[in-house]
Amino acid sequence: MSELSHKVAQWVRTEIRDIAAYHVPDPGDLIKLDAMENPYTWPEAMLTEWQQLVRDLPVNRYPDPAAKALTVELRKAMGVPDNMGVLLGNGSDEIIQILALALGGSKRVVLAPEPSFVMYKMIATFSGLEYVGVPLNADFSLDMAVMEQAIQQHDPAVIYLAYPNNPTGNLFDEEEIEAILKMANGLVVVDEAYHAFAGKSFMNRLGEFDNLLVMRTVSKLGLAGLRLGLLAGPNEWLNEFDKVRLPYNINVMTQAAAEFALKHIAVFDEQTRLIREERSRLFAEMEKLDGITLYPSAANFILFRVPAGRANAIFDGIKQRGVLIKNMKVSSGPLADCLRVTVGTQRENDSFLAALREAL
Ligand SMILES: Cc1ncc(COP(=O)(O)O)c(C=O)c1O
């Protein structure tokens, strides 16, 4: 080991050195159907209006630490009940990190069903919390017996339930989530990142359970580049979490762009409607193919399983034909041989379908 590597090993925490860095592939010129982005851009008139607004943005000043004007639009767009608070993050990733900072400590546990969004585990691990993953049933529903046992055993500080779940795309049973809210002593965060495609939500149930918080993001709606997420729930919780939020975490450009975009929410509603329509068509077309198993999705992506041992070859085959999707890269367990495709525009989806047919 070189002297430098030795120093790094001496000072960087073991948990961090053991984590594999979150890898984001470079898409180059490929059709990008790997990251659950909205494929549509803004109408010309909206772009012109935005360009004028940008000219006057005071980037020499720090942003409004409370992002007041943006919060008004967000509350409206997301249907946050009037008596509930809102905490903003630089993406919902940052909210997960804020929660880890506020709730962390030795023997504090973060619990989530598995497979689910990888950041719950990564952020828990690098923030020094223990992480407990509870396997889902084979059909990706919650295994309530194991869940209950794990909650009793670990008394988690926070449970994350992605609703719909990533990467499986399904919505967990509403009554089972209620049961978890009742049995958990700590917080339950219902992560509604894919709300725009799901039609179901716990937002209007805030206040019914004192440990329920709802997390949303504007990323999947069509504003992934802005990095903006929100946590809604009782102010008793949020006021505490706000103390660990960095004061200017939502920058001037993001505040202005998101506020402007949400004032044009009809544009995004129409785009997400098109994506839901394309999801049905893509699903129906994929169903016609032999050898793949499809999982119904309430999100803007579809998880599918290919014949055993062929996921890497099929993923590469699709990529060679110009389309980048997500290879779950597992050879055993519930996601064995699974690939995940984000729903794109009609043309992008057609390119993917053609590539998949040839690669299979
Ligand atoms: C379930 C879930 N929650 C949160 C996020 C992160 O969202 P953001 O872009 O707001 O950090 C993702 C991103 O893929 C996700 O799948």
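Nothing here was measured: the structure is a model prediction, and the numbers come from that model.

**Some remarks on the overall build of the protein chain**
Then step 1. A tally of helices and strands in the protein chain yields 14 helices and 13 strands.
Then step 2. Counting only C-alpha atoms, the protein chain reaches 55 × 55 × 55 Å along its principal axes.
Then step 3. Put simply, the protein chain has 360 residues, and 48% of those count as buried.
Then step 4. Sequence-distant contacts, at least 24 apart, represent 72% of the contacts inside the protein chain between residues at least 6 apart.

**Describing the sheet that holds strand E12 (residues 326-327)**
Then step 1. In spatial order, the strands read E9-E10-E13-E12; together these four strands make up an open sheet with antiparallel pairing. Bordering the open sheet on either side are strand E9 (293-295) and E12, each of which pairs with just one other strand.
Then step 2. In the sheet, E12 pairs with strand E13 (residues 338-342) via two bridges, with the strands oriented antiparallel. Pairing of Asn327 across the sheet is with Leu339, part of E13.
Then step 3. Set on the sheet, helix H12 (residues 265-287) makes contact with E9, strand E10 (301-305) and E13; between it and E10 the angle comes to about 15°.

**Side note on the sheet that holds strand E4 (residues 130-135)**
Then step 1. Taking strand neighbours across the sheet as the criterion, the seven strands line up as E2-E8-E7-E6-E5-E3-E4 in an open arrangement whose pairing is mixed. Both edges of this open sheet fall to strand E2 (85-89) and E4, since each of them pairs with a single strand only. Averaged over all pairs of adjacent strands, the angle between strand axes in this sheet comes to 25°, irrespective of strand direction.
Then step 2. Bridge analysis of strand E3 (residues 109-114) against strand E5 (residues 158-162) gives two bridges, and the strand direction is parallel.

**Some points on the site of the ligand**
Then step 1. Every one of the 14 residues lining the ligand counts as a neighbour, but Ser92, Asp191, Tyr194, Thr217 and Ser219 are closest to it.
Then step 2. Here Ser92 contributes a backbone N or O atom positioned 2.7 Å from an oxygen atom of the ligand.
Then step 3. Backbone polar atom of Asp93 to an oxygen atom of the ligand: 3.1 Å apart, as the coordinates give it.
Then step 4. Isolated, the ligand exposes 400 Å² of accessible area, and the fraction of that covered by the protein chains is 92%.
Then step 5. Of all the secondary structure elements, the ones that give two or more residues to the shell around the ligand are helix H5 (92-103) and helix H9 (219-223).
Then step 6. For the shell around the ligand, the per-class residue count stands at five nonpolar, five polar and four charged.

**Overview of the pattern of salt bridges**
Then step 1. Throughout the structure, instances matching the rule amount to 21 salt bridges.
Then step 2. For the salt bridge of Arg227 with Asp93, the shortest nitrogen-to-oxygen distance reads 3.5 Å. With a gap of 134 residues between them, Arg227 in the loop between H9 and strand E8 (229-233) and Asp93 in helix H5 connect regions that are remote in the sequence.
Then step 3. Residue class for Asp93 comes out partly exposed when judged on its relative accessible area of 26%.
Then step 4. A salt bridge links Glu174 to Lys200; its shortest N-O distance comes to 3.1 Å. Of this pair, Glu174 sits in helix H8 (residues 174-183) while Lys200 sits in the loop between strand E6 (187-191) and strand E7 (212-217), and the two are 26 residues apart along the sequence.
Then step 5. Judged by its relative accessible area of 34%, Lys200 falls in the partly exposed class.
Then step 6. Salt bridges here are not isolated pairs; linked through shared partners, they connect Glu174, Glu178, Lys200, Arg205 and Glu208.

**A closer look at the domain arrangement of the protein chain**
Then step 1. Segmenting the protein chain into domains produces domain 1 (29-43 + 266-359) and domain 2 (59-264).
Then step 2. A separation of 25 Å is found between the C-alpha centroids of domain 1 and domain 2.
Then step 3. Counting residues at the interface gives 25 residues for domain 1, matched by 23 residues for domain 2.
Then step 4. Summed over both sides, the interface of domain 1 with domain 2 buries roughly 1900 Å², with 68% coming from carbon and sulfur.
Then step 5. Counting the surface domain 1 buries against domain 2, the share from its top three residues, Trp42, Phe268 and Ala298, is 27%.
Then step 6. Taken together, the elements giving at least two residues each to the side of domain 1 that touches domain 2 come down to H12 and E10.

**Focus on the packing of helix H13 (residues 311-320) against helix H14 (residues 346-359)**
Then step 1. At a minimum axis separation of 8 Å, H13 and H14 run at an interaxial angle of 135°. With respect to H14, the axis of H13 lies oblique. For the crossing formed where H13 meets H14, the hand is right-handed. Contacts between H13 and H14 involve Ile314, Gly317 and Ile318 from the former and Phe352, Ala355, Leu356 and Ala359 from the latter.
Then step 2. Across the contact of H13 with H14, the residue classes break down as six nonpolar, one polar and no charged.

About the criteria used
- Residues numbered from 1 in each chain as written.
- Predicted model: local features only at pLDDT ≥ 70, side-chain atom pairs only at ≥ 80, totals over all residues.
- Heavy atoms only, no water.
- Helix = DSSP H or I, 4+ residues; strand = E, 2+ residues; numbered from the N terminus.
- Buried < 20%, exposed > 50% of the residue type's maximum accessible area, 1.4 Å probe, protein only.
- Contact = heavy atoms within 4.5 Å.
- Pairing = 2+ DSSP bridges.
- Axes fitted to C-alpha atoms, helices over the stretch in contact; angles between N-to-C directions.
- Near = heavy atom within 4 Å.
- Polar contact = N/O pair within 3.5 Å; in protein donor to acceptor, adjacent residues only side chain to side chain.
- Areas by Shrake-Rupley, 256 points an atom, 1.4 Å probe, with all protein chains shown as cover.
- Nonpolar A, V, L, I, M, F, W, Y, C, P; charged D, E, K, R; others polar.
- Salt bridge = Lys/Arg side-chain N within 4 Å of Asp/Glu carboxyl O.
- Domains from an automatic or database assignment.
- Buried area = accessible area lost by both parts, 1.4 Å probe.
- Parallel < 35°, antiparallel > 145°, perpendicular 65-115°, else oblique.
- Left-handed = near helix turned anticlockwise from the far one by under 90°.

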